[in-house]
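# Architecture and fold: a report
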Amino acid sequence: MAFPKRVRLVEVGPRDGLQNEPEPIETPTKLELIDRLGAAGLAYIEAASFVSPKWVPQMADHREVMTGLTRRDGVTYASLTPNLKGLEGALACGVEEVAVFGAASEAFSQKNINCSVAESLERFAPVLERAREAKVRVRGYVSCVLGCPYEGEIAPAKVAEVSKALFEMGCYEVSLGDTIGVGTPLKAKRMLEAVSREIPMDKLAAHFHDTYGQALTNLYAVLEEGIAVVDSSVAGLGGCPYAKGASGNVASEDVVYLLDGLGIETGIDLDALAATGTWITQTIGRPNRSKVGVALAAK
Ligand SMILES: CC(C)(COP(=O)([O-])OP(=O)([O-])OC[C@H]1O[C@@H](n2cnc3c(N)ncnc32)[C@H](O)[C@@H]1OP(=O)([O-])[O-])[C@@H](O)C(=O)NCCC(=O)NCCSC(=O)C[C@@](C)(O)CC(=O)[O-]
């Protein structure tokens, strides 16, 4: 299969990237980050997460973030909403899109959202129904698609089953999360093969973490299979609070550099994105995990 002509990046830095930071990050810093990302050409930014502040304290300012945004034309600002309470909170802030998040692993589902996979799907059904009423699109995540921190190997058939359930429930797109970054290209292709037998390829996204340094390679493999939506995080920020040791998402700068080299359009200004990565890592005192970002900053 040929590479797609254009790839849509879903920037998850302000949410996935920051949710695990141990020290509180000021809301104005988050707002500036979101604004800079929009200015760099990111057309889809996951800005906040309407989850319990007891579970993820770093996302407790979701309301302030979603109402404090300076909205840019053509940019979608999305939020995670694990249940109806989260959705109602997000709707009250004028959110344009939301995401529910399930898992292909029972143990991870319990640790992350305190319920089984089947219970999570039951919980998502009214979220999708209410979102439909409010004319808000819902994205679906499946975590642990290439391995689980608690269960180890995850069968591609399980990933396909949960993805299909989310898609049939009304998620317009299902994002496949290698939460702990353990995947390798062949594994990623096999998992995608199983999922794409149930869901059209153009309704799927790749959400790869870079814990084992395989994320770009895995992305290359799934781009070859026809994936055209990639989740990434500026400067490779991030990690999941319920996946110990998981490092950040693949860095947006590295993905854009790869795609530019393949002649795949993204609409993103790499220099502006890299400058944003330098700025946010300096501001929050974190290493920049984008090799491209570091190289461009050293020029
Ligand atoms: C889902 C729950 C809420 C269930 O948590 P629970 O304890 O089972 O929920 P509950 O309904 O029994 O409520 C308990 C308390 O939470 C409150 N509550 C209930 N819901 C909300 C809400 N929406 N917003 C704010 N507060 C809420 C509720 O009001 C109550 O408050 P209390 O009476 O104790 O004061 C909890 O487990 C939770 O918030 N989990 C979030 C975990 C999380 O955010 N993980 C990281 C994101 S997922 C991820 O990173 C993976 C991904 C997407 O990036 C893909 C990948 O890489 O794999």
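Definitions and limits used
Along each chain, residues carry numbers from 1 onward, in the same order as the chain's sequence is written. Confidence filtering applies because this is a predicted model: local features only for residues at pLDDT of at least 70, side-chain atom pairs given and counted only at 80 or more, and all residues used for totals across whole chains, interfaces and linings. Hydrogens are left out, water is left out, and the side-chain values use all remaining heavy atoms of the structure. UniProt positions are given in the numbering used here, feature names are shortened, and annotations may be inferred rather than shown by experiment. Only DSSP runs of H or I with at least four residues qualify as helices, and only runs of E with at least two residues qualify as strands; both kinds are numbered from the N terminus onward. The atom set for the radius of gyration is the C-alpha atoms, and the globule formula is 2.2 Å times the number of residues raised to the power 0.38. A simple rule labels every residue: compare its accessible area, found with a 1.4 Å probe on the protein chains alone, to the largest value its type can have, and call it buried under 20%, exposed over 50%, or partly exposed in between. Residues are treated as being in contact if the distance between any of their heavy atoms lies within 4.5 Å. Exposure was quantified through the Shrake-Rupley algorithm and a 1.4 Å probe, taking into account, for residues, occlusion by the shown protein chains and nothing else. When charges are counted, neither His nor the chain ends are considered; positive counts come from Lys and Arg and negative counts from Asp and Glu. Lys charges are placed at NZ, Arg charges at CZ, Asp charges at CG and Glu charges at CD. The near set for a molecule or strand comprises every residue that places at least one heavy atom within 4 Å of it. We define a polar contact as two N or O atoms separated by no more than 3.5 Å, with the added condition that, inside protein, one atom must be a possible hydrogen donor and the other a possible acceptor, whereas residues neighbouring each other in sequence contribute only through side-chain atom pairs. Grid spacing is 1 Å over the protein atoms alone, the probe is 1.4 Å, and a cavity is where that probe fits but cannot get out, while a pocket is an open set with protein on both sides within 12 Å along at least five of seven lines and lining residues have an atom within 4 Å of a point. Being in a pocket or cavity means that more than half of the molecule's atoms lie within 2 Å of its grid points. When two rings of Phe, Tyr or Trp (its six-membered ring) have centres within 6.5 Å they constitute a pair, described as stacked for plane angles under 30 degrees, edge-to-face for angles over 60, and tilted for the intermediate range. Two limits define a charge over a ring: the Lys NZ or Arg CZ must be within 6 Å of the ring centre, and within 35 degrees of the ring normal. The term salt bridge refers to a side-chain nitrogen of Lys or Arg lying within 4 Å of a carboxyl oxygen of Asp or Glu. Grid points are joined across faces, edges and corners, and a volume is the space filled by probe spheres set on the points. We call Asp, Glu, Lys and Arg charged. Ala, Val, Leu, Ile, Met, Phe, Trp, Tyr, Cys and Pro are nonpolar, and the rest, Gly among them, are polar. By definition, disulfides here are pairs of cysteine sulfur atoms that lie within 2.5 Å.

- By the naming in an unreviewed UniProt entry, the protein is hydroxymethylglutaryl-CoA lyase, taken from Billgrantia gudaonensis.
- UniProt's Sequence similarities (unreviewed entry) comment on the protein is quoted here verbatim: "Belongs to the HMG-CoA lyase family."

## Regarding the overall build of the protein
- Assigned secondary structure in the protein consists of 12 helices and eight strands.
- For the protein, the C-alpha radius of gyration of 17 Å lies close to 19 Å, the compact-globule estimate for 299 residues.
- For the protein, the proportion of its 299 residues judged to be buried stands at 57%.
- Within the protein, contacts between residues at least 6 apart in sequence are counted, and of these 75% link residues at least 24 apart.
- Entry remark: accessible area of the protein is about 12200 Å², with carbon and sulfur atoms responsible for 51%.
- Charged side chains in the protein number 30 positive and 38 negative. The centres of these two groups are separated by 2 Å.

## Side note on the site of the ligand
- Within the structure, the ligand sits among 27 residues, and Gln19, Asn112, Asn114, Ser143 and Thr179 are positioned closest to it.
- Within the contact set of the ligand, a nitrogen atom lies 3.3 Å away from a backbone nitrogen or oxygen of Val51.
- His207 is positioned such that a nitrogen or oxygen atom in its side chain is 3.0 Å from an oxygen atom of the ligand.
- In the complex, the protein chains occlude 75% of the 1100 Å² of accessible area that the ligand would expose alone.
- With respect to the detected pockets, the ligand is housed in the largest pocket.
- Of all elements in the fold, only α1 (13-17), α4 (84-92), α5 (106-113) and β5 (137-143) reach the threshold of two or more residues within the shell around the ligand.

## Quick notes on the packing of aromatic side chains
- According to the stated counting rule, one finds two aromatic pairs in the structure shown.
- For the pair Phe3 and Tyr220, a centre-to-centre distance of 5.2 Å together with 70° between the ring planes defines the contact as edge-to-face. Here Phe3, found in the segment before β1 (8-11), pairs with Tyr220, found in helix α9 (residues 215-224); they are 217 residues apart in sequence, far enough to count as distant.
- Note on Phe3: relative accessible area 28%, which makes it partly exposed.
- Arranged with centres 6.5 Å apart and planes meeting at 35°, the rings of Phe108 and Tyr150 form a pair that is tilted. Here Phe108 is found in helix α5, whereas its partner Tyr150 is found in the loop between β5 and α7 (156-169), with 42 residues between them in sequence.
- The class of Tyr150 is partly exposed, set by a relative accessible area of 35%.
- Residue placement shows Arg139 over the ring face of Tyr141; its charged tip is 5.4 Å from the ring centre.

## Some remarks on the pattern of salt bridges
- Summed over all chains, the structure comprises 19 salt bridges.
- For the salt bridge of Glu21 with Arg286, the shortest nitrogen-to-oxygen distance reads 2.9 Å. Taken together, the residues Glu21 in the loop between α1 and α2 (27-39) and Arg286 in the loop between α11 (270-284) and α12 (291-298) connect sequence positions 265 residues apart.

## Focus on the layout of surface pockets
- The volume enclosed by the largest pocket comes to roughly 600 Å³.
- Surrounding the largest pocket, 34 residues form its lining, Val51, Ser52, Pro82, Phe101 and Ile113 being those nearest its centre.
- Residue classes in the lining of the largest pocket are distributed as 15 nonpolar, 14 polar and five charged.
- In this model, the second largest pocket occupies a volume close to 160 Å³.
- Along the walls of the second largest pocket sit 13 residues, with Asp210, Val250, Ala251, Asp254 and Arg289 positioned nearest its centre.
- Looking at the lining of the second largest pocket residue by residue, the class counts come to four nonpolar, five polar and four charged.

## A closer look at the state of the cysteines
- Inspection of every chain in the model, using the stated rule, returns zero disulfides.
- Of all cysteine sulfurs in the structure, the one in Cys148 sits closest to Cys144, which takes part in no disulfide; the separation is 4.3 Å.
- Under the relative-accessibility criterion, Cys144 is labelled buried at 0%.
- Unpaired in terms of disulfides, Cys171 finds its nearest cysteine sulfur in Cys115, a separation of 15 Å.

## Overview of the environment of Glu161
- Topologically, Glu161 is positioned in helix α7.
- Look at Glu161 and you get partly exposed, because its relative accessible area is 48%.

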